[in-house]
Amino acid sequence: MLPLSPFLVSVALMLVIGLGCLMIKRDMVRLLIGVEILFNAANLCFIAFSTQNIGFVDPFAHSVVMMAIVLDGTVIAVGLAMVLNVYKHYKTLDIRKLRRLRW
Amino acid sequence: MVAQEFISQGINLPLPLFVLLVGGIISPLIGILAEKVGLVKLREAWMVIVSGAAFVSNYMLYQDLSTSEGDIAVRVIAIWGQNPPLGGCLEIDALSIYMAGSVAFIGFLVAIYSVHYMERESRLTEFYTLVTFMMAGMTGIAMAGDFFTLFIFWELMGLSSYVLVAFLKARWGPIEAGLKAWPSSTGWPER
């Protein structure tokens, strides 16, 4: 059974870094990187808690995390494709410029 | 007390989900074939057939699960050949048949209406594939029995839906709307 606290400290740090990145940055690619850090924090939390059974490591958490990594990759790929198309139309990556869609 | 069935042998999928997933996988091949042969309406016909078959198979599932006492049995299917605590499962009851049936019915209407509505657009093969996979995702959400299966089908639905929002990428509106629909599946705060 691994000690839990280093993993939880890293998860908390990654959550703070990812949310701070989402709140402070204005570049869309950096926002995508922030989302990716949040995904990885969630996955690390799953893996850390899966080692807390006495005698075995829970395989279900590992399968969930493996599937989640694949799905995160696709989500980020679609997000990057959209950022590329945004750059084609708006000629900028600044998220604050995406304000044309208002009533 | 409603009757319960438990299926755990082999790789099983309920019929509506099977029809929609296989229909979505075959749909690009149908698109390629339609462009080669020159029958451009083949893709639309395939989408109408698949969604109609999903609706009919929902009805067949309903009749399959109806018991002689007048209520509907709950069927638990272990999809990956493992029993539910260690593998994903689908749990089909009356509510999931109702939700999957309405998804298939609305999808059938969407298929019929988009024949004329999307007539002048290009990339129709991608469009019909995405719509079919979105219907498959929603059917899977209605039938999911645990959070793992729900997560997979949620992402299937989410990915297809925000690509569909940004489908007409030649204009700025759909792109911006797609980027603003993207956090609905990832948690990006709306700005």
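What you are looking at is a predicted structure, and each value in this text was computed from that prediction instead of being measured. Residue positions are counted from 1 within each chain, in the order its sequence is given. Starting at A for chains and at 1 for ligands, labels are handed out in the order in which the entities are written. Only residues with pLDDT of at least 70 get local features here, since the model is predicted, and only at 80 or more are side-chain atom pairs given and counted; chain-wide, interface and lining totals rely on the full set of residues. Calculation of side-chain values draws on the structure's entire complement of heavy atoms; hydrogens and water are dropped beforehand.

Turning our eyes to something else, we now look at the overall build of chain A. Secondary structure elements are defined from DSSP: runs of H or I of at least 4 residues count as helices, runs of E of at least 2 residues count as strands, and each element is numbered from the N terminus. Scanning chain A from N- to C-terminus turns up 3 helices and 0 strands. Beginning at the N terminus, the succession of helices and strands in chain A can be written as α-α-α. The globule rule used for comparison is 2.2 Å times the number of residues to the exponent 0.38, while the radius of gyration itself is calculated over C-alpha atoms. Computed over its C-alpha atoms, the radius of gyration of chain A comes to 17 Å, more than 25% above the 13 Å expected for a compact globule of 103 residues. Expressed along its principal axes, the backbone C-alpha trace of chain A runs to roughly 55 × 25 × 25 Å. Burial statistics for chain A: of 103 residues in total, 34% are counted as buried. Contacts in chain A between residues at least 24 apart in sequence constitute 59% of all its contacts with a sequence separation of at least 6. Note on areas: Shrake-Rupley with a 1.4 Å probe; residue coverage comes only from the protein chains shown. Per element, the accessible surface of chain A, about 6200 Å² overall, is 73% carbon and sulfur. Between the mean site of the 10 positive side-chain charges and the mean site of the 5 negative ones, chain A shows a separation of 19 Å. Exposure classes here rest on a 1.4 Å probe applied to the protein chains alone. A residue is buried below 20% of its type maximum, exposed above 50%, and partly exposed in between. In what follows, residue pairs with any heavy atoms lying within 4.5 Å of each other are defined as contacts. Charged-residue counts in this description rest on Lys and Arg as positive and Asp and Glu as negative, His and the chain ends being excluded. The atom standing in for a charge is NZ when the residue is Lys, CZ when it is Arg, CG when it is Asp and CD when it is Glu.

The next point concerns the overall build of chain B. Each helix and strand counted, chain B has 7 helices and 3 strands in total. When the elements of chain B are put in sequence order from the N terminus, they spell out β-α-α-β-β-α-α-α-α-α. Going through the 191 residues of chain B one by one, you find that 45% of them count as buried. For chain B, contacts bridging at least 24 residues in sequence account for 66% of all contacts bridging at least 6.

Residue placement: Val115(B) occurs in helix H3 (residues 94-117). Dropping the residues within four chain positions of it, Val115(B) is found in contact with Lys41(B), Glu44(B) and Tyr128(B).

What follows is about the sheet that holds strand E1 (residues 4-7) of chain B. All names here are of chain B. Taken in spatial order, the 3 strands of this open sheet run E1-E2-E3, and their pairing is mixed. Two strands bound the open sheet, and with one partner strand each, they are E1 and strand E3 (89-92). The sheet shows a mean angle of 15° between the axes of neighbouring strands, taken without regard to direction. Here 4 bridges tie strand E2 (residues 74-78) to E3, and the two strands are oriented antiparallel to one another. Bridging from a neighbouring strand, Arg-75 pairs with Ile-92 of E3. Strands pair, by our definition, only if DSSP identifies at least two bridges between them. Interaxial angle, 0 to 180 degrees, is taken between N-to-C directions of lines fitted to C-alpha atoms, where a helix line uses only the stretch in contact.

What follows covers the interface of chain A and chain B. Each partner contributes to the interface: chain A provides 31 residues, whereas chain B provides 27 residues. Values labelled buried area give the accessible surface lost by two parts on being combined, using a 1.4 Å probe and summing over both. Across the chain A to chain B interface the summed buried area is about 2600 Å²; carbon plus sulfur atoms make up 78%. For the purposes of these results, a polar contact is taken to be a pair of N or O atoms within 3.5 Å, where, inside protein, one atom must be able to donate a hydrogen and its partner to accept one; residues adjacent in sequence count only when each atom of the pair is a side-chain atom. Joining chain A to chain B, the criterion identifies 4 residue pairs in polar contact (both at pLDDT 80 or more). At the level of elements, helix H1 (5-24), helix H2 (28-50) and helix H3 (59-90) of chain A are the ones that each hand at least two residues to the side of chain A that touches chain B. Per element, the largest residue contribution to the side of chain A that touches chain B is 18 residues, and it comes from H3(A). When the residues that make up the side of chain A that touches chain B are grouped by side-chain class, the tally is 23 nonpolar, 5 polar and 3 charged. Under the scheme applied here, ten amino acids are nonpolar (Ala, Val, Leu, Ile, Met, Phe, Trp, Tyr, Cys and Pro), four are charged (Asp, Glu, Lys and Arg), and all others, including Gly, are polar.

Two cysteines joined by a covalent bond between their sulfur atoms form a disulfide. Put simply, a disulfide is two cysteine sulfurs that come within 2.5 Å. Counted by the stated rule, this structure contains 0 disulfides over all chains. Between Cys45(A), a cysteine without a disulfide, and Cys21(A), which holds the nearest cysteine sulfur, the sulfur-to-sulfur distance is 20 Å.

Residue and element names in this part refer to chain B. Grouping into patches uses exposed residues only, defined as over 30% relative accessible area, and leaves out salt-bridged ones; the cut-off is 9 Å for like charges and 5 Å for nonpolar side chains (Val, Leu, Ile, Met, Phe, Trp, Tyr). By convention in these notes, a salt bridge is any Lys or Arg side-chain nitrogen within 4 Å of a carboxyl oxygen on Asp or Glu. On the surface, Phe-55, Phe-105, Ile-106, Leu-109, Val-110 and Tyr-113 cluster together into a nonpolar patch covering about 570 Å² of accessible area. For the nonpolar patch, the element with the most residues is H3, which contributes 5 residues. Position of Leu-109 among the secondary structure elements: in helix H3. Overall, the relative accessible area of 33% leaves Leu-109 in the partly exposed class.

What follows deals with the confidence of the model for chain B. Residues and elements named next belong to chain B. When pLDDT is averaged along chain B, the result is 85, and 90% of the positions lie at 70 or above. Every residue is assigned a pLDDT by the predictor, reflecting its confidence on a scale from 0 to 100. Every residue in residues 187-191 is under pLDDT 50, and counting partners more than four places away or in other chains gives 14 contacts. This prediction of the complex comes with two scores: 0.88 for pTM and 0.83 for ipTM.

The nonpolar side chains of a soluble globular protein tend to be buried with one another. Only buried Ala, Val, Leu, Ile, Met, Phe, Trp, Tyr and Cys residues count toward a nonpolar core, and they belong to the same one when joined by side-chain atoms within 4.5 Å. Ranked by internal contacts, the top residues of the largest apolar core, which has 31 residues, are Leu90(B), Ile92(B) and Phe127(B). Only helix H1 (15-37), helix H2 (42-65), E3, H3, helix H4 (124-143) and helix H5 (147-165) of chain B provide two or more residues apiece to this core. Sort the elements by how many residues they give to this core and H4(B) lands first, with 8 residues. In this structure Ile92(B) touches Pro14(B), Leu61(B), Leu65(B), Ala73(B), Val74(B), Arg75(B), Ile77(B), Ile97(B) and Met143(B), once residues within four positions along its chain are discounted. Leu22(A), Ile95(A), Ile175(B) and Trp182(B) belong to the second-largest nonpolar core, a separate cluster that totals 22 residues.

With that out of the way, let us pick up H1(A). Residue and element names in this part refer to chain A. The span expected for a helix works out to 1.5 Å for each residue beyond the first. Between its first and last C-alpha atoms H1 spans 28 Å; for 20 residues at 1.5 Å apiece the expected length is 28 Å, and the two agree. The set of residues buried in H1 consists of Val-11, Gly-18, Gly-20, Cys-21 and Leu-22. Buried residues along H1 sit against H2.

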